[in-house]
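Each chain, letter by letter, is given below.
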Amino acid sequence: MAEEELSSSLEFTPTWVVAGVCFVIVLLSLFAERGLHKLGKYLLHEKQDALYEALQKLKEELMLLGFISLLLTVTQRSISRICIPAHVATHMLPCKRETAEHKTPAHYFLNHSTNNGRRLLSSETTSDHCQLKGKVPLLSLEGLHHLHIFIFVLAVVHVIFCVSTMVLGGARIRQWKRWEDSIQKDLRSKSTAEVRHHHRAFLKERADGYWRRAAIIGWMIAFFKQFYGSVTKSDYITLRQGFIKEHCPGNPNFDFHKYMMRTLEIDFRKIVGISWYLWLFVVLFLLLNVDGWNTYFWLAFLPLILLLLVGAKLEHIISRLAQDVKQTGVHANEAAIRVRPSDEHFWFNNPRIVLNLIHFILFQNSFEIAFFFWIWSTYGIHSCIMEKLGYIIARLIMGVIVQVLCSYSTLPLYTIVTQMGSMFKEGMFDHMVQGAIGVWAGDVKSKREDRERSSSQGMHKMINNESSTTVDVAEQEMVAMERTTNVLPCQVQPPSSSS
């Protein structure tokens, strides 16, 4: 046993093997790094700033994953040499051990080697260390290796699922571009007949009928509405007009569709990451994955239930907006027929909660699929953790349903409905506008600092220069503001000179 451990060290490994393995690993790493770098340059060239920032977020997650991998590798021998009593290792097992009733270290090691045919190098030495003390290791080297693989698979599957969801959902939202083009065409021709028609259709579909006001019936309609025609052209036109009249009353030609796509790209930065509470969820699941509890089976229903709840809530918000318009009792002129965005319709008056739930749903669904492939590749399809074949098929079907429904229904619903909050989102201003605002703010700040420095040179000089400096700062503010408003999506009036 000692000879085998000695022969497996780098001291007695051929140099061509060490060099070859290092060369392949470094080469693959450089290819991955260069590929991400080229992708980032392409996104910047295409002015996809939000997607570029999402890519940076992805790099941060990969760096965190690499640190976790390094930490596990460096500490694996120390962890495996921590010994615990044998009877403690028989509680809360994901699979029953046939020799668990004996509760002896010898039976523990015998069963460990029988159930896991593949063992890592030097694992026997670690086991002997604890066996000599009449105890068992806290976590074997093989267990650490499997945990290492699981974390990697989880992160990769989560990124793939998020990217596929955003691509499919974005493709669905891009289909609304023809509606935006139709509205812009009518605005250029000064024709409002089609807009009024869609307003009436929106109210008729969403608010007509006293029975719609009943809470139970309203939620039932919203629940089934998310499966077919979740967003119609009438919905889009009416919600668009409500947003523009609330936030951009001076710019009826505002490109609402382009704004939504920018906000979706910005939200993607959050979705692609794995937040601390998601890692906490992984730890909690690993704790509760006990034999007989069927945690893996029941957990598969969680993303589907949450997704259906979020979709129903978003549809219900559209109906509530229509009912608010209906209750005003004024339908004679077009100006009065518009929805009024408000945070009151969202859970806890916070539209961001919806994004957090979608983030959790996507992570939970990717966790289900990653856990399945990890168990399959590591322990086999007939592992006791897999449970029955019928349960496996049911979980896979639910995972596919969640992915498709989230991509083609819930995500587009979220993109348009969350614009109906009291405040507009970060995507209102593109990169050029944000730069112009930054220049304006910098000019004002520098002028004020110059004025403060001049005031320290004496009271007499301050009095003589104060009026000229104030006029100069005001003129700079006006010039910068006018330069900014030339690129603002909404027509914002600069402050008057009298102020």
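Owing to the predicted nature of the structure, the values given are computational and were not obtained by experimental measurement. (Residues numbered from 1 in each chain as written. Predicted model: local features only at pLDDT ≥ 70, side-chain atom pairs only at ≥ 80, totals over all residues. Heavy atoms only, no water.)

(A) Examining the overall build of the chain more closely. Helix and strand counts for the chain stand at 18 helices and two strands. Counting all 499 residues of the chain, 41% fall into the buried class. Surface accessibility of the chain: about 27500 Å² in total, with carbon and sulfur atoms responsible for 64%. (Helix = DSSP H or I, 4+ residues; strand = E, 2+ residues; numbered from the N terminus. Buried < 20%, exposed > 50% of the residue type's maximum accessible area, 1.4 Å probe, protein only. Areas by Shrake-Rupley, 256 points an atom, 1.4 Å probe, with all protein chains shown as cover.)

(B) Focus on the packing of aromatic side chains. For the structure shown, the criterion picks out 26 aromatic pairs. Aromatic side chains Phe 243 and Phe 256 sit 5.3 Å apart centroid to centroid with 45° between the ring planes, which places their arrangement in the tilted category. Linking Phe 243 in helix 10 (residues 233-247) with Phe 256 in helix 11 (residues 256-271), this pair joins segments that are 13 residues apart in sequence. Aromatic side chains Phe 371 and Trp 374 sit 5.6 Å apart centroid to centroid with 50° between the ring planes, which places their arrangement in the tilted category. Of this pair, Phe 371 and Trp 374 both sit in helix 15 (residues 352-379), three residues apart, which is roughly one turn of that helix. Through successive ring pairs, a cluster of aromatic residues spans Phe 150, Phe 281, Phe 285, Phe 360, Phe 367, Phe 371, Trp 374 and Tyr 379. (Phe/Tyr/Trp six-rings, centres within 6.5 Å; stacked < 30°, edge-to-face > 60°.)

(C) Quick look at a positive patch on the surface. Together, Arg 77, Arg 81, Lys 133 and Lys 135 make up a region of like positive charge exposed at the surface. In this structure, Lys 135 sits in the loop between helix 5 (123-131) and strand 2 (136-137). (Patch = residues over 30% accessible without salt bridge, like charges linked within 9 Å, V, L, I, M, F, W, Y side chains within 5 Å. Salt bridge = Lys/Arg side-chain N within 4 Å of Asp/Glu carboxyl O. Lys, Arg positive; Asp, Glu negative; His and termini not counted. Charge placed at Lys NZ, Arg CZ, Asp CG, Glu CD.)

(D) View of the side chain of Gln 364. Mapped onto the fold, Gln 364 is located in helix 15. For Gln 364, a relative accessible area of 0% translates into the label buried. For Gln 364, the side chain forms a polar contact with the main-chain oxygen of Leu 299, separated by 3.3 Å. Apart from residues lying up to four places away in sequence, Gln 364 is in contact with Phe 281, Leu 299 and Pro 303. (Polar contact = N/O pair within 3.5 Å; in protein donor to acceptor, adjacent residues only side chain to side chain. Contact = heavy atoms within 4.5 Å.)

(E) Quick peek at helix 8 (residues 193-206). Taking 1.5 Å as the rise per residue, helix 8 with 14 residues should run 20 Å; its terminal C-alpha atoms sit 20 Å apart, in good agreement. Those residues of helix 8 not exposed but buried are Val 195, His 198, His 199, Phe 202, Leu 203 and Arg 206. One face of helix 8 carries all of its buried residues, which in axial projection span an arc of 135°. Along helix 8, exposed side chains directed more than 90 degrees from the buried face belong to Arg 200 and Lys 204. (Expected span 1.5 Å × (residues − 1). Arc of directions from axis to C-beta.)

(F) Looking closely at the packing of helix 11 against helix 15. Relative to each other, helix 11 and helix 15 sit at 55°, their axes nearing to 10 Å. One way to sum up the angle between helix 11 and helix 15 is to call them oblique. The element helix 11 and its partner helix 15 pack so that their crossing is right-handed. Here Asp 267, Lys 270 and Ile 271 of helix 11 lie close against helix 15, whose contacting residues are Arg 352, Leu 355, Asn 356, Ile 358, His 359 and Leu 362. Grouping the constituent residues of the contact of helix 11 with helix 15 by class yields four nonpolar, two polar and three charged. (Axes fitted to C-alpha atoms, helices over the stretch in contact; angles between N-to-C directions. Parallel < 35°, antiparallel > 145°, perpendicular 65-115°, else oblique. Left-handed = near helix turned anticlockwise from the far one by under 90°. Nonpolar A, V, L, I, M, F, W, Y, C, P; charged D, E, K, R; others polar.)

(G) Inspection of the nonpolar core at higher detail. Phe 367, Phe 371 and Ile 416 are the most contacted members of the largest nonpolar core, which has 85 residues in total. With 14 residues, helix 15 is the single largest residue contributor to this core. Apart from residues no more than four positions distant in its own chain, Phe 367 is found in contact with Phe 150, Leu 154, Phe 281, Val 282, Phe 285 and Leu 299. (Core = buried A, V, L, I, M, F, W, Y, C linked by side-chain atoms within 4.5 Å.)

(H) Representation of the side chain of Thr 90. Structurally, Thr 90 can be placed in the loop between strand 1 (83-84) and helix 4 (105-115). The class of Thr 90 is buried, set by a relative accessible area of 17%.

(I) Inspection of the packing of helix 8 against helix 14 (residues 301-327) at higher detail. Orientation of helix 8 relative to helix 14, taken along the N-to-C sense of each, is 110°, at an axis distance of 9 Å. One finds that helix 8 runs roughly perpendicular with respect to helix 14. The element helix 8 and its partner helix 14 pack so that their crossing is left-handed. Along its contact with helix 8, which presents Phe 202, Leu 203 and Arg 206, the element helix 14 presents Glu 315, Ile 318, Ser 319, Ala 322, Gln 323 and Val 325.

(J) The arrangement of unusual backbone geometry in detail. At Phe 348, a residue that is not glycine, the phi angle is positive and equals roughly 55°. Tracing the chain through its elements places Phe 348 in the loop between helix 14 and helix 15. Judged by its relative accessible area of 76%, Phe 348 is exposed.

(K) Representation of the pattern of salt bridges within the structure. Applying the stated criterion across every chain yields a total of seven salt bridges. Here Glu 180 ties to Arg 240 by a salt bridge, and the two come within 3.2 Å at their closest N and O atoms. Linking Glu 180 in helix 7 (residues 177-188) with Arg 240 in helix 10, this pair joins segments that are 60 residues apart in sequence. Its relative accessible area of 5% is what places Arg 240 among the buried residues. A salt bridge links Arg 206 to Asp 235; the shortest N-O distance between them is 2.8 Å. Taken together, the residues Arg 206 in helix 8 and Asp 235 in helix 10 connect sequence positions 29 residues apart. Under the relative-accessibility criterion, Asp 235 is labelled buried at 0%. Salt bridges sharing partners connect three or more residues here, namely Arg 206, Asp 235 and Glu 315.

(L) Fine view of the confidence of the model for the chain. Scored by pLDDT, the chain comes out at a mean of 76, with 76% of its residues at no less than 70. At the level of individual helices and strands, the chain shows its lowest average pLDDT in helix 4, which scores 45, and its highest in helix 14, which scores 89. Taken as a whole, residues 1-6 scores under 50 in pLDDT and shows five contacts with residues more than four places along the chain or in a different chain. (pLDDT = per-residue confidence, 0-100.)

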